[in-house]
Amino acid sequence: MIAILAASLALVLATSVADGDAEALARALHQRGTEKFARREWNEAREDFVAAYDLSAKPGFLWNIAECARLLGDDADD
């Protein structure tokens, strides 16, 4: 729940700041997501990667998101 609130806050902040600040926030979310991924906190990491993607639309985040989903056992065929 806290991660969802943090992601929502990130989106609100991003809409009120300049593009450079949004990029900096996306980088910070990526770093935090990477740290959570390393701790095997895949759901929380995915939330950070989604928030970072929403800010930057960089396609590399899609791989991070998909990898988290795979490790969580999410299956697109279900």
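Structure shown above.
Cut-offs used in this document
- Residues numbered from 1 in each chain as written.
- Predicted model: local features only at pLDDT ≥ 70, side-chain atom pairs only at ≥ 80, totals over all residues.
- Heavy atoms only, no water.
- Helix = DSSP H or I, 4+ residues; strand = E, 2+ residues; numbered from the N terminus.
- Buried < 20%, exposed > 50% of the residue type's maximum accessible area, 1.4 Å probe, protein only.
- Contact = heavy atoms within 4.5 Å.
- Polar contact = N/O pair within 3.5 Å; in protein donor to acceptor, adjacent residues only side chain to side chain.
- Expected span 1.5 Å × (residues − 1).
- Core = buried A, V, L, I, M, F, W, Y, C linked by side-chain atoms within 4.5 Å.
- Salt bridge = Lys/Arg side-chain N within 4 Å of Asp/Glu carboxyl O.

Draft legend 1. Layout of the overall build of the protein. A count of helical and extended segments in the protein gives four helices and zero strands. Ordered by position from the N terminus, the helices and strands of the protein form the series α-α-α-α. A burial count over the protein gives 32% of its 78 residues as buried. Counting only contacts in the protein whose residues sit at least 6 apart along the sequence, the fraction spanning at least 24 positions is 48%.

Draft legend 2. Structural detail: unusual backbone geometry. Residues other than glycine seldom take positive phi values, yet Arg-40 does so here, at roughly 65°. As for its position among the elements, Arg-40 is in the loop between helix H2 (19-38) and helix H3 (42-56). Despite not being glycine, Ala-57 shows a phi value in the positive range, around 55°.

Draft legend 3. Examining the environment of Gln-31 more closely. With respect to the secondary-structure elements, Gln-31 resides in helix H2. You can call Gln-31 partly exposed: its relative accessible area is 43%. Measuring from C-alpha to C-alpha, the distance between Gln-31 and Phe-49 comes to 9.1 Å, with 18 residues separating the pair along the chain. Polar contacts involving the side chain of Gln-31 include one to the side chain of Glu-35, which spans 2.9 Å.

Draft legend 4. Layout of H3. Here H3 is 15 residues long and its end C-alpha atoms lie 21 Å apart, about the 21 Å a rise of 1.5 Å per residue gives. A positive backbone phi angle near 55° is found at Ala-57, which sits one or two residues after H3.

Draft legend 5. Structural view of the nonpolar core. Grouped together as the largest cluster of nonpolar side chains are eleven residues: Ala-26, Leu-29, Trp-42, Ala-45, Phe-49, Ala-51, Ala-52, Leu-55, Phe-61, Ile-65 and Cys-68. No other element matches H3, which puts six residues into this core.

Draft legend 6. The arrangement of the pattern of salt bridges in detail. Applying the stated criterion across every chain yields a total of six salt bridges. Close ionic contact of Lys-58 with Glu-23 constitutes a salt bridge, the shortest N to O distance being 3.3 Å. Taken together, the residues Lys-58 in the loop between H3 and helix H4 (60-72) and Glu-23 in helix H2 connect sequence positions 35 residues apart. Taking relative accessible area as the criterion, Lys-58 reaches 43% and is therefore assigned partly exposed.

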